[in-house]
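If you want the building blocks of each chain, they are given just below.
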Amino acid sequence: MKPIFFQITLVVLAFNSCQQLNKPFVQKDHIYSFHADEGIYSIAAITDEIIKVSYTDSQTYSDRTYAPILTESIKMQSTISEGQVNLSTSKVRVEVKLDPFELHFYDITSGLKLSEEKGYVREGDTTSLRFKLAEEEAIYGTGVRALPLNRRGYAFICYNKPNYGYGMGADFLNYSIPHIYSSNDYMLLFDNPAKAEFDIGKTEEDILDFSSWGGNMTYYFINGNSFNDLMQNYSELTGSQPLPPIWAFGHLQSRFGYRTQSQADSILNLAMEAGYPVDAIILDIFWFGDEIEDGQMGQLDWDREFWPDPEGMIQNWKEKGIKTITISEPFFTRKSKNFDYLDENKLLAVDEDGNTLTISDFYFGDGGLLDIFKPEAKDWIWEQYEKQKKIGVEGWWIDLGEPEKHPDTMYHINGKATEIHGVYGHEWTKNMYEKYAENYPEERMFKLGRSGYAGSQRYGLIPWTGDVSRSWSGLQAQIPAMLGAGLSGIPYLHSDAGGFAGPDPDPELYVRWMQYAVFTPIFRPHSNPDVPAEPVLWEEEVQDLLKPFIELRYQMIPYNYTLGWQAMREGLPMARPLFAEFEIPDNIEDQYLWGDALLVAPILNPGVTAKNVFLPEGKWFDFWTGEAYEGGQWMEIPVEMKNIPVFARAGHMIPMGRLFQNTDEYKTDTLKLNYYLAADDFESQIYMDDGKTKNAYAKSQYQLVSSSVEMADDSLNIGFSISGNGYEGVPSQRIAEIQILGLEQAPSSVNDGQEIDFDWNDEKKVLTFKVPIENEKKVAVK
């Protein structure tokens, strides 16, 4: 990188030349540069909807790219008038006021979206970017926080930081994202991983201020006209989440932690013998050492005293369809066998003198932090993972990756800790993703991680919400955390189901949390040692309530896997706020959409026997009973311990499968398709592949079943079409067990060219019949 002052000098010389030609800017490679105050603003269109703005002066850089995958500029049209320059694409116009220097962003059709207030501001050690907020504008996003979805009126750090035992109201958690989503249909991404703060109208009610301690002074204005537009444009800029292996959608058994091989094996066997579907078991830190405080974190090798035969254990589990996931951390204590090697080979982060910086206040013992930005460190840690991969480990859990302890005085090969903190976990995930692509190019990676950055989703990161308190407040925090992350492009955020931190078992809380977790991206019960995480270890009454929900999780894999495909293809989060689909207030935060077809209203308080649920416009069907409700109103829904309010949206289809014990047994030769009728025609899709091949969709190794319902005067017509080239294990024929809810009376016939037997439940008004799913298949219900 050339010195900043040298770059500035070159641009200033170019400006002098342009001023002689009466141009207020320099244009090169579709980038427009303006001299303002003591520095240079550079403006470029990345797509017709995305504008990149960078600021550079003698103390500031803006030439780094962390989150975006789009880096090339496209052509803009420029016009010059008195006191301003207009730069335009087919969708966006940037109005550049020259004195004082201001930027205003317009949608070509709908008008002004956003204005800088002062733009770039320096105050002491911090630099700020300031924008005007409209009077009724709401601001969402900013990553994982236990705050109301509308973050306007709040100020908080943008810095990945653990918050042990948190509950509702926690304004910082493990995964901050320097990104906002505006109710005025635009986004801002600040591509700056430095320690920073958001002030969203708290200090000054009409000002959004993003302040950082140095870092990369670049932001992106992302335009759109709808929720789907914005999510698609953002995923185009930063990448979308690849589909994980299909077993990730199952039940992942976990705790802190299994201390011995015999304990892990016996509890897993107990769960399977009780009939619980299970797909994976997660081994926390005790696999490499029995001590916790002042222990051997970073050992990364089996403690054979307590795990005498990991190879045999993993193989035995694999034969049962159970995948093994092991934990690791970026910290290496002095007691670990790896510390001296890493220290001697300069693979740990250092102090200002270039010596390993020992972190003396680390909970697990004095140690160092791997400098994951060093190529040699990337290679070394991959070698450790590959040793475990070769004995059968199939998934990875990287904990404490904020990093949990990251002193401001620490340096990495690419800069000071304060400047690159936000991309530490991102870089770790990127390294694993790229090593997988190099060494196992046909295999999908599964990686849990507590922290990342904007764009980490493209490397397959599956994050969770950290060490939440086992409390009702902890449960209440999960919906805004999950939805806020989704609005910042992170579709797989989930929680330690049941809660993590706290000594007291609460059966009601545990049941309600687990019921909620079934309708989240990943189902992973997890807790500290005080309370069992596994349902099979709770009393029979709790198990009777939860086992049907866990079985439902497996029956819903066709629907949930299709949501994962939509996240990959369109950038859509799996869980969505109601305002993503409906024009309703954004303060309804105790319920959400699971995909576009289900509305979920978890029970978030003890002793609830009825819950007020808002049903948006349209018709809705109780998911459990099939009872129909008219939307556009609040409804008081009776609640029992055996369920939570869930509603299916008219005009949509919910595909479900058979019950099975793990995804090794998953087959799609029979699908149950529940159609919830509306007055209008509608279409739905079901995505299927082998569940393991990387980039199966891009390779056309899939089948996509599209179904349509057309409402005619005298009939209801169902159609199927099939696309994709298929995949290994695709069934030779699929049977659809179709249920139609919403008919007023029994049909006289069901016909696909010949009469089809059907069943009519007059009490519930449900029609049921079976047909083969075939390309261009038509079924008429009359």
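Quick note: structure is the one above.
A brief look at the structure comes next.

What counts and what doesn't
Residues numbered from 1 in each chain as written. Predicted model: local features only at pLDDT ≥ 70, side-chain atom pairs only at ≥ 80, totals over all residues. Heavy atoms only, no water. Axes fitted to C-alpha atoms, helices over the stretch in contact; angles between N-to-C directions. Helix = DSSP H or I, 4+ residues; strand = E, 2+ residues; numbered from the N terminus. Parallel < 35°, antiparallel > 145°, perpendicular 65-115°, else oblique. Contact = heavy atoms within 4.5 Å. Nonpolar A, V, L, I, M, F, W, Y, C, P; charged D, E, K, R; others polar. Patch = residues over 30% accessible without salt bridge, like charges linked within 9 Å, V, L, I, M, F, W, Y side chains within 5 Å. Areas by Shrake-Rupley, 256 points an atom, 1.4 Å probe, with all protein chains shown as cover. Salt bridge = Lys/Arg side-chain N within 4 Å of Asp/Glu carboxyl O. Lys, Arg positive; Asp, Glu negative; His and termini not counted. Charge placed at Lys NZ, Arg CZ, Asp CG, Glu CD. Left-handed = near helix turned anticlockwise from the far one by under 90°. Pairing = 2+ DSSP bridges.

### So, the packing of helix H3 (residues 261-273) against helix H4 (residues 310-319)
Phase 1: For the pair H3 and H4, interaxial distance at closest approach is 11 Å and the crossing angle is 10 degrees. It follows that H3 is roughly parallel to H4 by the angle criterion. Taken together, the residues of H4 that come into contact with H3 (itself represented by Gln261, Ala264, Asp265 and Leu268) are Pro310, Met313, Asn316 and Trp317.
Phase 2: Of the residues in the contact of H3 with H4, the class split is five nonpolar, two polar and one charged.

### Some thoughts on a negative patch on the surface
Phase 1: A cluster of acidic residues, Glu135, Glu136, Glu205 and Asp206, forms a negative patch on the protein surface.
Phase 2: One can find Glu136 in the loop between strand S10 (126-132) and strand S11 (139-143).

### Quick look at the packing of helix H6 (residues 375-390) against helix H8 (residues 424-439)
Phase 1: Contact pair H6 / H8: the axes reach a minimum separation of 11 Å and the direction vectors enclose 60 degrees. The angle between the axes of H6 and H8 places the two elements in the oblique class. Crossing of H6 over H8 shows right-handed handedness. From H6, Lys378, Asp379, Ile381, Trp382, Tyr385, Glu386 and Lys389 reach across to H8, where they touch Glu427, Trp428, Asn431, Met432, Lys435, Tyr436 and Asn439.

### A closer look at the sheet that holds strand S35 (residues 646-649)
Phase 1: Judged by pairing direction, the sheet is antiparallel, and its six strands sit side by side in the order S28-S29-S30-S35-S32-S33 without closing on themselves. Sheet topology places strand S28 (575-576) and strand S33 (628-630) at the edges, where each strand pairs with a single neighbour.
Phase 2: Inspection of the sheet shows strand S30 (residues 598-600) paired to S35 by three bridges, in the antiparallel sense. For Leu599, the partnering residue across the bridge sits in S35 and is Phe647.

### Focus on unusual backbone geometry
Phase 1: Geometrically, the link from Phe256 to Gly257 is a cis peptide bond, its omega value of -15 degrees lying close to zero.
Phase 2: Its place among the elements puts Gly257 in the loop between strand S18 (252-253) and H3.
Phase 3: One non-glycine residue, Leu400, lies in the positive phi region at around 60 degrees.
Phase 4: Locating Leu400 in the fold gives a position in the loop between strand S23 (395-398) and strand S24 (411-412).

### Let's talk about the pairing of strand S9 (residues 111-123)
Phase 1: Where strand S8 (residues 101-107) lies against S9, four bridges are found, and the strand directions are antiparallel. Bridging across to S9, Tyr106 finds its partner in Leu112.
Phase 2: Hairpin geometry of S8 and S9 is characterised by an intervening segment of three residues between the two adjacent antiparallel strands.
Phase 3: The sheet contact formed by S9 and S10 spans seven bridges and is antiparallel. Note that in S10 the partner of Ser115 across the bridge is Lys132.
Phase 4: Here S9 folds back onto S10, and the loop between the two strands holds two residues, one of which, Gly124, carries a positive phi near 60 degrees.

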